[in-house]
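The residues making up each chain are set out below.
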Amino acid sequence: MNRRTVLGGMGVLGAASLASRLVIVSGRAADRRPPSIAAPRFQLPLKIPPVLEPAARTETQDEYDIVQREAELEILPGHITRIWGYQGCFPGPTIRVRRNRTAVVRHTNQLATHTVVHLHGGITPADSDGFPMDMVKSGESRTYTYPNRQRACTLWYHDHAMDRTGENIYRGLAGFYIIEDEEELALPLPRGSFDIPLLLQDRTFNTDGSLHYDTGRHMGFEGDVMLVNGVPWPRMDVSTCKYRFRVLNGSNARFFELALSNGDPFTLIGTDGGLLPEPVPLKALPLSMAERAEVVIDFSRYTPGTKIFLLNKREKPELTQLMRFEVANREANEAKIPARLSDPRFLNRPKTPTIRTWDFRAGFSLSEGPPPIVWTMNGKRFDPDRIDAKVSLGEIELWHFRNQAPLRLLGRPHNAHTHLGHFQILERNGKQPFVHERGWKDTIALEKGEEALVMVRFEQFRGRYLLHCHNLEHEDHAMMSRFDVV
Ligand SMILES: [Cu+2]
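We now turn to the structure provided with this report. (Residues numbered from 1 in each chain as written. Predicted model: local features only at pLDDT ≥ 70, side-chain atom pairs only at ≥ 80, totals over all residues. Heavy atoms only, no water.)

1. What about the sheet that holds strand 22 (residues 321-329)?
Then, in step 1: One open sheet accounts for 5 strands, arranged 14-22-21-16-19; its pairing is mixed. Either end of the sheet is taken by a strand with one partner, and the two such strands are strand 14 (235-239) and strand 19 (285-287). Between one strand axis and the next, the sheet turns by 25° as a mean value, whatever way the strands run.
Then, in step 2: As paired elements, strand 16 (residues 256-260) and strand 19 share 3 bridges and run antiparallel to each other. Its bridge partner lying in strand 19, E257 is registered against P286. (Pairing = 2+ DSSP bridges. Helix = DSSP H or I, 4+ residues; strand = E, 2+ residues; numbered from the N terminus. Axes fitted to C-alpha atoms, helices over the stretch in contact; angles between N-to-C directions.)

Take a look at the structure:
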């Protein structure tokens, strides 16, 4: 008897009974994945995505052209992998812009799939924000306008097409987007070749080198090869000085807890929404999907020849090591971490704010499956035509995110991402937020049963926007809500 007939024969069951039977279909044990090709570890050099040059510049804006197309790349030595890439790159080229200079990005879709582009963390007009139904069909183009009226921070642009975001990003549609401003450029932080973006992703490769994708039965895809900037388990030669790393968890569904293999601390300087007020020394840094963290690692503490791994302490042993730093040269740079990094202009908590509650939880649907689960927000699946909240432009609200797991078995980690507005975390489970999340955020991790209270203000633009889980398979399986800024 296969799993489908087990479930098909159940008919209507009580929730507890149904849950007990779901054991056989949920979780990794139920996956039927092809064995991945063995990839070399810590031999291939880290690559840095190219910076995209504007096609044109005017006094006030930079104009970019991006073609979304397939490309055949040698990701694993001796194998060809077909990817879907911005400009055929994997990851996409980095866009670096200045605050208050408008970026106009014209995307042309030469793929066989519909696409949508979202600038994650961008304060973006609604018609350029990448609403999932604003799909660009194969052969068509769309121009997205980003005013960049926001503080310096590390954003990323990625696909957001209805029902297919997970696969589109998985096959390559993601890239960094970095906003710089005067406040940050005045600081003596590491820059140039010491300012390194790190995109963390996991993938599974079929034996012919092609990417294997499945939704993990809508639980979320987790691969068995770790990539950093599209390179499997890379190594990076570093000098004996400070480096700034802009770390992005670009995985579909994998959580990270980053640490150095020698147990030494590193310094957190920024979160999703830019620099913290002051640097924070850390030995471990949780990072859920789509979150960014900016850290400085000081390699001047080490002698040439030292090897240090970047770890994901949340993982089983074979996937713990992500990449290896090799201290290769003695070299000093002038970089410092100032005691005061920025004025983040945090909000003041209003006396009588509007409070909204957003529950992230599983729902049952016997028309789905296996498993017969759908992902819901406040018990509802995403409907692009339904407005779940109307938010007044410029008003500070408190949003209460709850990861609800009424049945323990159906509990999964989720995370909450708001479009347009960045937020400050006031409370996590009724207590102070973690030290690594006391800056501006647009995405927050919610472990099973966790809740968080955040303060958010949506500014600059009216229109339709989204709140959703950034487990991409949950998102594609409708864990998304539309709110309108009015
Ligand atoms: Cu989720």
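Having put the structure on the table, let's press on.
2. Considering the coordination of the copper ion
Then, in step 1: Coordination of the copper ion by the protein comes from H414 (ND1), C469 (SG) and H474 (ND1), over a distance range of 2.0 to 2.1 Å.
Then, in step 2: Sequence spacing of the donors to the copper ion: H-x54-C-x4-H.
Then, in step 3: Judged by its relative accessible area of 0%, C469 falls in the buried class. (Donors = N, O, S within 2.8 Å, 3.2 Å for Na, K, Ca; no water. Buried < 20%, exposed > 50% of the residue type's maximum accessible area, 1.4 Å probe, protein only.)

3. With respect to the environment of E72
Then, in step 1: Relative to the assigned elements, E72 resides in strand 2 (residues 61-73).
Then, in step 2: Placed 17 residues apart in sequence, E72 and C89 show a C-alpha to C-alpha distance of 9.7 Å.
Then, in step 3: Discounting residues that sit within four places of it in the chain, E72 has contacts with I80, T81 and R82.
Then, in step 4: Of the polar contacts made by the side chain of E72, one reaches the side chain of R82; its length is 2.7 Å. (Contact = heavy atoms within 4.5 Å. Polar contact = N/O pair within 3.5 Å; in protein donor to acceptor, adjacent residues only side chain to side chain.)

4. As for the side chain of S128
Then, in step 1: Along the chain, S128 turns up in the loop between strand 6 (117-120) and strand 7 (141-146).
Then, in step 2: At 2.9 Å, the side chain of S128 forms a polar contact with the backbone nitrogen of T145.
Then, in step 3: Once residues within four sequence positions are removed from consideration, S128 is found in contact with V117, T143, Y144, T145 and Y146.

5. Describing empty space enclosed by the protein
Then, in step 1: Counted under the stated rule, the structure contains 3 cavities of 30 Å³ or more.
Then, in step 2: Taken as a whole, the largest cavity encloses approximately 80 Å³ of empty space.
Then, in step 3: L198, F245, V247, L258, L260, F266, L285, V295, I297, L310 and F325 are the residues that line the largest cavity.
Then, in step 4: Elements supplying a minimum of two residues to the lining of the largest cavity: strand 15 (242-249), strand 16 and strand 20 (292-298).
Then, in step 5: Partitioning the lining of the largest cavity into residue classes produces 11 nonpolar, no polar and no charged. (1 Å grid on protein atoms, 1.4 Å probe; cavity = no way out; pocket = protein on both sides within 12 Å on 5 of 7 lines; lining within 4 Å. Points joined across faces, edges and corners; volume = space filled by probe spheres on them. Nonpolar A, V, L, I, M, F, W, Y, C, P; charged D, E, K, R; others polar.)

6. Thoughts on the environment of G274
Then, in step 1: For G274, the position within the fold is in strand 18 (residues 274-282).
Then, in step 2: The exposure class of G274 is buried, given its relative accessible area of 1%.
Then, in step 3: As a C-alpha pair, G274 and Q150 span 124 residues in sequence and 9.6 Å in three-dimensional space.

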